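Single-letter residue listing:
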Amino acid sequence: MATEPLTHPTAAPKRTRDLLAGLSIAGLLLPEAVAYSSIAALPPQAGVIALFAGLLCYGLLGTSRFAIVSATSSSAAVLAAATLSLAGGDAQLRLSLAFALVLLTGVFFLLAGLFRLGGVTAFIAKPVLRGFAFGLALTIVLKQFATVVGVHLSTGNLVRFLPQLLEQWPQWNWAGAAVAAVALLVLGICSRIPYVPGGLVAVVIGIGAGQWFNLPAHGVDLIGVIELKLEVPSLPQLPFADWLRLGELAFALVMILYAESYGSISSFALKHGDRVSSNRDLLALGASNLLSGLFHGMPAGAGYSATSANEAAGARSRLAGLTAAAVMLLIVLTVLPYIALTPEPVLAAIVMYALGHGLSLQPLGRYFIWRRDRVLVICAVSAVLVLGVLDGLLLSVGISILLLLRQMSAADIQILGQLGSGHDFVDLSRHPQARQVPGVLILRPGEALFFANAERILGGALRLIRHVQAPIHSIILSLEESPDLDGTSIEALDEFFRQVSLEHKHLALARLKHEAKDALALLPSSREYQVLLSGTSVDDTLQESLRGWKAGAFSQA
């Protein structure tokens with residue numbers, strides 16, 4: 001990421017804006033951290049620990065100047081659903097499972113960064129991610145509303161608990177609803193005033209109102225004591241089978257957290273023309289979650305609401321996040337006991353307000369233009385609402401993986417023709433004005449060759465060669481989509497070379513990348529059948545192939 005040196009004349013104003021931004025967002029992050037802990041059904045300090053870990057690790061290791069890494073609503077909901085399904089009613093086991101899941105999430109992030117997997121930023125299809133986020137936001141908001149009115153639901157399925165919520169209408173706690181409504185009003189007003197931490201203002205007003213009106217006497221609960229003490233880092237004592245099950249869940253959690261985090265990071269980097277490193281960000285997220293898990297905190301990611309609030313507050317560098325961490329430390333050391341007096345409806349209002357952007361239908365509208373994306377959005381939303389958060393998450397990730405495998409394993413083969421008298425070769429099915437070169441069949445796979453599609457693609461190419469109507473003497477296979485080849489693809493090409501030679505056709509491979517060309521050059525069949533291996537364009541390979549055919553000999557280029 002390119003930043004201006006501190007000796008630049010504008011360095012001081014930049015530092016001032018970062019300090020102001022850090023002060024502003026600290027007042028938002030602390031209430032959110034405590035609120036997200038309640039979503040995860042963990043002690044309030046779990047969210048605060050995740051906040052410290054995320055701000056420090058990403059501030060030191062990350063590359064985005066706007067990203068704020070802390071506990072997120074999505075990871076909190078997934079953590080709650082996952083640990084509840086595994087632990088049942090054992091509260092102590094549930095805590096151990098939660099912290100182990102956070103640790104594994106951090107390890108997976110670190111491994112992804114070390115193996116430089118940052119380029120896989122679109123592993124989860126955007127329609128699936130948007131649909132999952134919408135369904136999750138709707139679920140969390142309604143559950144928070146149920147908490148506000150004092151309704152205890154027996155199911156995490158939205159389709160089932162919505163009728164339960166309405167059935168208990170006579171028992172609703174209207175005092176709690178009034179507190180939440182006032183908190184939402186305060187948050188809305190503060191959002192229009194620069195540098196005013198709406199979350200902190202709502203908490204302060206809530207504490208004052210709770211003491212003045214004696215809200216606990218009206219059935220409005222307070223969040224209770226926050227015991228923020230650092231324990232000696234240790235690994236949870238769990239059976240190996242539990243670690244394996246948590247590994248599956250951690251993989252899904254990493255997918256969601258990374259898609260959410262990098263969506264926030266990349267969108268603001270694109271907006272401001274910044275350069276970010278996805279691999280470094282993976283390491284930063286890994287360090288954040290590993291540190292949080294060691295000290296019994298929640299999962300951490302770069303949520304869109306906190307990151308956008310940081311940008312709106314005027315942040316110019318990662319100093320804003322580090323400033324927020326310092327302010328948080330000051331708050332924890334001085335006024336943390338008073339945070340325990342915050343009414344729970346105020347925290348619920350903070351969560352609902354933060355998730356308000358997730359309930360907008362505008363981001364989903366663009367995906368309803370194409371039929372496939374429309375189906376994906378509906379499936380993702382329905383999965384969360386009908387199956388619950390955890391099963392909805394796993395199904396959403398599964399849908400994305402199936403889509404990826406389906407696209408990559410497609411056996412699409414294009415027949416290329418020359419466009420006019422130029423050097424461009426295009427798909428004949430899309431450009432009927434292009435002409436096929438006499439005596440030559442030029443083919444191009446639509447996807448990269450790998451173990452799942454190589455045999456089907458090359459088998460389809462052989463069928464085209466055997467059933468072509470015009471007489472041909474040469475075949476050109478363009479492998480521009482295949483930067484490298486695995487063992488299955490090389491074996492399939494070895495057999496392809498032999499089959500083409502049995503058809504008494506000359507074969508040339510065009511647009512080979514260096515790694516693929518070097519691997520194929522080692523095959524005895526490429527020399528035995530005089531296969532032309534070329535790294536140049538289709539046009540250059542065609543000309544060389546024709547010269548070799550006329551001369552009656554082929555050699556590797």
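Residues numbered from 1 in each chain as written. Predicted model: local features only at pLDDT ≥ 70, side-chain atom pairs only at ≥ 80, totals over all residues. Heavy atoms only, no water.

Looking at an unreviewed UniProt entry, one finds the protein named SulP family inorganic anion transporter and attributed to Pseudomonas protegens. Under the UniProt heading Subcellular location (unreviewed entry), the entry covering the protein gives this text: "Membrane". (UniProt positions renumbered as here; feature names shortened; annotations may be inferred.)

Undergrad: Describe the packing of helix 3 (residues 73-87) against helix 4 (residues 91-114), and please don't skip the residues or the numbers.
TA: The interhelical angle for the contact between helix 3 and helix 4, taken along N-to-C directions, is 130°, at an axis separation of 9 Å. Considering the angle they form, helix 3 stands oblique to helix 4. The interaxial crossing formed by helix 3 with helix 4 has right-handed handedness. For the pair helix 3 and helix 4, contact is made by Leu79, Ala80, Ala82, Thr83, Leu84, Leu86 and Ala87 and by Leu93, Arg94, Leu97, Ala98, Leu101 and Val102, respectively. Class assignment for the residues of the contact of helix 3 with helix 4 results in eleven nonpolar, one polar and one charged. (Axes fitted to C-alpha atoms, helices over the stretch in contact; angles between N-to-C directions. Helix = DSSP H or I, 4+ residues; strand = E, 2+ residues; numbered from the N terminus. Parallel < 35°, antiparallel > 145°, perpendicular 65-115°, else oblique. Left-handed = near helix turned anticlockwise from the far one by under 90°. Contact = heavy atoms within 4.5 Å. Nonpolar A, V, L, I, M, F, W, Y, C, P; charged D, E, K, R; others polar.)

Undergrad: Got a sec to walk through the sheet that holds strand 4 (residues 425-427)? Specific residues and values, please.
TA: By way of backbone hydrogen bonds, the strands of a sheet pair with one another, either parallel or antiparallel. The six strands lie next to each other as 4-3-5-6-7-8, forming an open sheet whose pairing is mixed. If you trace the sheet from one side to the other, it starts and ends with strand 4 and strand 8 (532-533), each paired once. Of the pairings in the sheet, the one linking strand 5 (residues 440-445) to strand 6 (residues 474-478) comprises four bridges and is parallel in character. Note on strand 6: the bridge partner recorded for Leu443 is Leu477. (Pairing = 2+ DSSP bridges.)

Undergrad: Which residues make up the pattern of salt bridges, and what values go with them?
TA: Side chains carrying opposite charge are able to pair once their charged atoms draw close together. Scanning the entire structure with this criterion turns up seven salt bridges. The partner of Glu480 in a salt bridge is Arg444, and the shortest N-O contact between them spans 3.7 Å. With Glu480 in the loop between strand 6 and helix 19 (487-502) and Arg444 in strand 5, this pair connects stretches of sequence that are 36 residues apart. The pair Glu480 / Arg444 is uniform in exposure class, with both members buried. A salt bridge links Glu495 to Arg498, with the shortest nitrogen-to-oxygen separation between them at 2.8 Å. Highlighted residues: Glu495 and Arg498, both in helix 19, separated by three residues, approximately one helical turn. Look at Glu495 and you get partly exposed, because its relative accessible area is 36%. A relative accessible area of 33% means that Arg498 is categorised as partly exposed. The structure contains a network of salt bridges with shared partners spanning Arg444, Glu480 and Arg511. (Salt bridge = Lys/Arg side-chain N within 4 Å of Asp/Glu carboxyl O. Buried < 20%, exposed > 50% of the residue type's maximum accessible area, 1.4 Å probe, protein only.)

Undergrad: Provide a residue-level description of the pairing of strand 6, including the pertinent values.
TA: Counting buried positions along strand 6 gives five out of five residues, so the element sits mostly inside the fold. Burial along strand 6 is two-sided: Ser474, Ile476 and Ser478 facing one way and Ile475 and Leu477 facing the other are all buried. The handedness of the strand 5 to strand 6 crossover, carried by helix 18 (residues 454-467), is right-handed. Pairing between strand 6 and strand 7 (residues 506-510): five bridges, direction parallel. Following the sheet pairing, Ser478 is matched in strand 7 by Ala510. For the handedness criterion, the β-α-β arrangement of strand 6, helix 19 and strand 7 is classed as right-handed. (Right-handed = clockwise from strand over helix to strand, strands pointing away.)

Undergrad: Provide a residue-level description of the packing of aromatic side chains, including the pertinent values.
TA: For the structure on display, the rule yields nine aromatic pairs. Site record: aromatic cluster; members linked through ring pairs are Phe145, Trp169, Trp172 and Trp174. (Phe/Tyr/Trp six-rings, centres within 6.5 Å; stacked < 30°, edge-to-face > 60°.)

Undergrad: A description of the domain arrangement of the protein should follow, citing residues and the corresponding values.
TA: You can read the domains of the protein as domain 1 (15-149 + 165-223 + 236-404) and domain 2 (412-551). On a C-alpha basis, the centres of domain 1 and domain 2 stand 50 Å from each other. (Domains from an automatic or database assignment.)

Undergrad: An account of the confidence of the model for the protein is needed here, citing residue identities and associated values.
TA: Low pLDDT means the predicted coordinates in that region are not meant to be read closely. Confidence in the prediction of the protein, expressed as mean pLDDT, is 86, and 93% of residues score 70 or more. Considering each helix and strand of the protein separately, the mean pLDDT is smallest for helix 17 (residues 389-408), with a value of 76, and largest for strand 1 (residues 69-70), with 96. Note that pLDDT drops below 50 for residues 1-10; the model gives that stretch ten contacts with residues more than four away or on any other chain. (pLDDT = per-residue confidence, 0-100.)

Undergrad: For the nonpolar core, give the residues involved together with the corresponding values.
TA: Residues Leu29, Tyr36, Leu101, Leu246 and Met298 are the most contacted members of the largest nonpolar core, which totals 111 residues. Broken down by element, the residue count for this core peaks at 14 residues, all from helix 9 (residues 240-272). Leaving out residues up to four positions away in the same chain, Leu101 has contacts with Leu79, Ala82, Leu246, Leu249, Ala250 and Leu253. Ranked by size, the runner-up nonpolar core spans 29 residues in total, among them Ala454, Leu507, Leu512 and Leu523. (Core = buried A, V, L, I, M, F, W, Y, C linked by side-chain atoms within 4.5 Å.)

Undergrad: I'd like a description of the UniProt feature "domain: STAS" (unreviewed entry) in the protein, backed by residues and values.
TA: UniProt's feature table lists "domain: STAS" (unreviewed entry) at residues 430-545, given in the numbering used throughout. Split by type, residues 430-545 is 44% helix and 16% strand. Its first and last C-alpha atoms lie 25 Å apart.

Undergrad: I'd like a description of the environment of Ser85, backed by residues and values.
TA: Looking at where Ser85 falls in the secondary structure, it is placed in helix 3. A polar contact is formed between the side chain of Ser85 and the backbone oxygen of Ala82, at a distance of 2.7 Å. (Polar contact = N/O pair within 3.5 Å; in protein donor to acceptor, adjacent residues only side chain to side chain.)

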